[in-house]
Amino acid sequence: MPDLDLRTLKKRGLSVLRISAGDWYDLQQSRGQGARFTSVFPHAVARSGKAKAPVILVIAGDAISHDDDSFYQPHHQEPHLRIAWINSIQAVATRDSRVAFDHVQSVTPGTLEALIGLDVPARFMASAANLIAGHGEFDAVSPRLGEWLLDRLAALPANDAALRRLAALVDRPSQFRSALALQQDALALALKAFGAPAAEASSLALTRRTTALAAARAQENLVIAHDARWIPGWRLEDSDITGRAVFRQDHRQLEVFTANHEDLERLFGVDLIYLNQTRRSIVMVQYKMMEPLPRKERKVKGLFGDYTEREDAEWVVPINDQFKDELARMMRFDQPAVGEAGSYRMNPSPFFFKLVRRNGSTNGAGILLSLGHLQQLLGEGRLAGPRGGLRIAYSELQGHYLRSENFVDLVQSGYIGSHGATTDHFETLIETTLSEGRAVVAAIQSALADTRWSDFDPTMGPPAPA
């Protein structure tokens, strides 16, 4: 199991936010249920924290009364700690800034005094005492003391998952350079197809292996485990599963699993496999990196003399032997069954390719091609490359492809995807992908039965509105 590396997280700095018992109760009743919230401070106070950095929430213990309803009796809240992420700090008025806190998670021990303890190194004694005695609502922590406090949290196994999630946020890739960036994009594509790109996970389980799910948005009151379990009865080995999350929206549920045999740092291929149990369809997206070709130059005669002009960059995906083997495997599976009653497909093939530019921004859209379109291009001889090779050239497609938004619309409507898909088909595709040394983001969309408040944890109250 890889050890937790906090070096990049420590470089971001640390701050402390103090919250009264009553304010914390109000935050838990808000739409974000305490998992995310915003607060407004004077500019000078807001600068105590840094955007994209961790913050320790020190929540006071006290009696809480419910002024809005005399039916409830006051109850006592114990003091406790949380750790969170500062998403942004923005000026919202002449004198005030809004600070957005996100990814709030429980940590131990329950108080700042207990976290600091009695064995404080001499060099930190004064600053640690000032931090404990501080009465400011939002305070910066000195860099060295902040690093020491994060190490103190990391020394407790119960805090491992929370710190891994924050480390994943600061290490989230911004360019398509590895399988982690591709997996991150596949997860985002699955959530868009589900119709809830900003959905919060209602449950989340992670292993110690790297996964895009570590940075997923999640509800504060969920329990994060160190292990992820596959659906009981399936043949896949638990050791291959790196994460499992459940998202809910409008009587629908999306279960997402991430799986890979090797560490993502060693892999450069990812597949998204999306099973819509309501539509009984599977859509599979295989990611491919587009590589840049050297830009050609040409001499141009101008009015004031000759000058050199560089042509636009050309992006290609080499169709090598591995790509051909993958195409052959897809074609073996690509045998559409007869449509069921009430079922219609514009294209009953489940297979698509998403092409993204290597080292390009992860905010870039990328393009999608169906397997049938690729086969047509091959048959027409339009993918000829240098020295008798084959390649998909971005410019030669001339806009004849799908963008992610259009693709998502087709998935949501059930206009594309296989007929009569089952979990057996789904599992077979996953096993085949893993055997080829690729990583998998596997998503199962299903309808939820009618739920009652009693189906939820009674301490949570009714589910928050979608």
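Data block above holds the structure.
Quick summary incoming for the structure in this document. In this text, all values refer to a predicted model and were calculated from it rather than measured experimentally.

Points about the overall build of the protein chain
Line of reasoning, step 1. The secondary structure content of the protein chain amounts to twelve helices and 21 strands.
Line of reasoning, step 2. Each of the 466 residues in the protein chain was classed as buried or not, and the buried ones make up 47%.
Line of reasoning, step 3. Within the protein chain, contacts between residues separated by at least 24 positions form 72% of all contacts whose residues are at least 6 apart in sequence.
Line of reasoning, step 4. Split by element, the accessible area of the protein chain, about 23500 Å² in all, is 51% carbon and sulfur.

Let's talk about the packing of helix α9 (residues 321-333) against helix α10 (residues 371-379)
Line of reasoning, step 1. At their nearest, the axes of α9 and α10 sit 12 Å apart, and the two run at 125° to each other. Comparing the axis directions of α9 and α10 gives the class oblique. Between α9 and α10 lies a crossing of left-handed hand. Facing α9, whose interface residues are Phe 323, Leu 327, Met 330 and Met 331, α10 presents Leu 371, Leu 374, Gln 375 and Leu 378.
Line of reasoning, step 2. When its residues are assigned to classes, the contact of α9 with α10 shows seven nonpolar, one polar and no charged.

Concerning the environment of Ala 449
Line of reasoning, step 1. Mapped onto the fold, Ala 449 is located in the segment after β21 (439-447).
Line of reasoning, step 2. Sequence separation of Ala 449 and Gln 253 is 196 residues, and the distance between their C-alpha atoms is 10.0 Å.

Quick look at the environment of Gly 32
Line of reasoning, step 1. Turning to its location among the elements, Gly 32 is positioned in the loop between α2 (21-28) and β2 (37-42).
Line of reasoning, step 2. Expressed as a C-alpha distance, the spacing of Gly 32 and Gln 219, which sit 187 residues apart in the sequence, is 7.7 Å.

Quick word on the packing of helix α8 (residues 179-194) against helix α11 (residues 404-413)
In a pair of packed helices, the angle between the axes and the distance between the axes together describe the arrangement.
Line of reasoning, step 1. Where α8 meets α11, the axes come as close as 8 Å, and the angle between the chain directions of the two elements is 50°. When the axis of α8 is compared with that of α11, the two are oblique. Considering how the two elements wind past one another, α8 and α11 form a crossing that is right-handed. Each of Leu 189, Lys 192, Ala 193 and Phe 194 in α8 lies in contact with α11, whose residues at this interface are Ser 404, Phe 407, Val 408, Val 411 and Gln 412.
Line of reasoning, step 2. Tallied by class, residues from the contact of α8 with α11 come to six nonpolar, two polar and one charged.

Regarding α10
Line of reasoning, step 1. All of the buried residues along α10 are Leu 371, His 373, Leu 374 and Leu 377. For α10, the arc enclosing every buried residue in end-on projection is 160°, short of the 170-degree limit, so these residues lie on one face.
Line of reasoning, step 2. Taken from the residues just after α10, Gly 381 is the one with a positive phi, measuring 70°.

Comments concerning the packing of aromatic side chains
Line of reasoning, step 1. Tallying each qualifying case throughout the model produces seven aromatic pairs.
Line of reasoning, step 2. An angle of 75° between the planes, with centres 5.9 Å apart, marks the rings of Phe 101 and Phe 138 as edge-to-face. Of the two residues, Phe 101 is situated in strand β7 (residues 96-107) and Phe 138 in strand β8 (residues 138-141); the sequence distance between them amounts to 37 residues. Each member of the pair, Phe 101 as well as Phe 138, carries the same accessibility label: buried.
Line of reasoning, step 3. Taken together, a centroid distance of 5.5 Å and an interplanar angle of 75° make the contact between Tyr 344 and Tyr 415 edge-to-face.

Some details on the sheet that holds strand β3 (residues 53-59)
Line of reasoning, step 1. Read across the open sheet, the six strands follow the order β2-β7-β6-β3-β1-β8; overall the sheet is mixed. Strands with a single pairing partner mark the edges of an open sheet, and in this sheet they are β2 and β8. Sheet twist, expressed as the mean angle between neighbouring strand axes with direction ignored, is 35°.
Line of reasoning, step 2. In this structure, β3 lies alongside strand β6 (residues 80-91), joined through seven bridges in antiparallel fashion. By the bridge assignment for β6, Leu 57 is matched with Arg 82.

Examining the nonpolar core
Line of reasoning, step 1. Within the largest apolar cluster, 75 residues are counted, with the highest numbers of intra-cluster contacts made by Leu 149, Phe 247, Val 285 and Phe 407.
Line of reasoning, step 2. If one sorts the elements of this core by residue count, α8 sits on top with eleven residues.
Line of reasoning, step 3. Excluding residues within four positions of it along the chain, Val 285 makes contact with Leu 189, Val 270, Asp 271, Leu 272, Phe 352, Phe 353, Lys 354, Leu 368 and Phe 407.
Line of reasoning, step 4. Listed in part, the 33 residues of the second largest apolar core include Ile 319, Leu 327, Phe 351 and Leu 374.

Things to note about the side chain of Arg 209
Line of reasoning, step 1. With respect to the secondary-structure elements, Arg 209 resides in the loop between β9 (201-206) and β10 (224-225).
Line of reasoning, step 2. Residue classification places Arg 209 among the buried residues on the basis of a relative accessible area of 17%.
Line of reasoning, step 3. Looking at Arg 209, its side chain comes within polar contact range of the main-chain oxygen of His 261, at 2.8 Å.
Line of reasoning, step 4. Separated by 3.0 Å, the side chain of Arg 209 and the backbone oxygen of Glu 262 make a polar contact.
Line of reasoning, step 5. Sequence-distant contacts of Arg 209, that is, excluding residues within four places in its chain, are made with Ser 239, Thr 242, Asn 260, His 261, Glu 262 and Asp 263.

Definitions and limits used
- Residues numbered from 1 in each chain as written.
- Predicted model: local features only at pLDDT ≥ 70, side-chain atom pairs only at ≥ 80, totals over all residues.
- Heavy atoms only, no water.
- Helix = DSSP H or I, 4+ residues; strand = E, 2+ residues; numbered from the N terminus.
- Buried < 20%, exposed > 50% of the residue type's maximum accessible area, 1.4 Å probe, protein only.
- Contact = heavy atoms within 4.5 Å.
- Areas by Shrake-Rupley, 256 points an atom, 1.4 Å probe, with all protein chains shown as cover.
- Axes fitted to C-alpha atoms, helices over the stretch in contact; angles between N-to-C directions.
- Parallel < 35°, antiparallel > 145°, perpendicular 65-115°, else oblique.
- Left-handed = near helix turned anticlockwise from the far one by under 90°.
- Nonpolar A, V, L, I, M, F, W, Y, C, P; charged D, E, K, R; others polar.
- Arc of directions from axis to C-beta.
- Phe/Tyr/Trp six-rings, centres within 6.5 Å; stacked < 30°, edge-to-face > 60°.
- Pairing = 2+ DSSP bridges.
- Core = buried A, V, L, I, M, F, W, Y, C linked by side-chain atoms within 4.5 Å.
- Polar contact = N/O pair within 3.5 Å; in protein donor to acceptor, adjacent residues only side chain to side chain.

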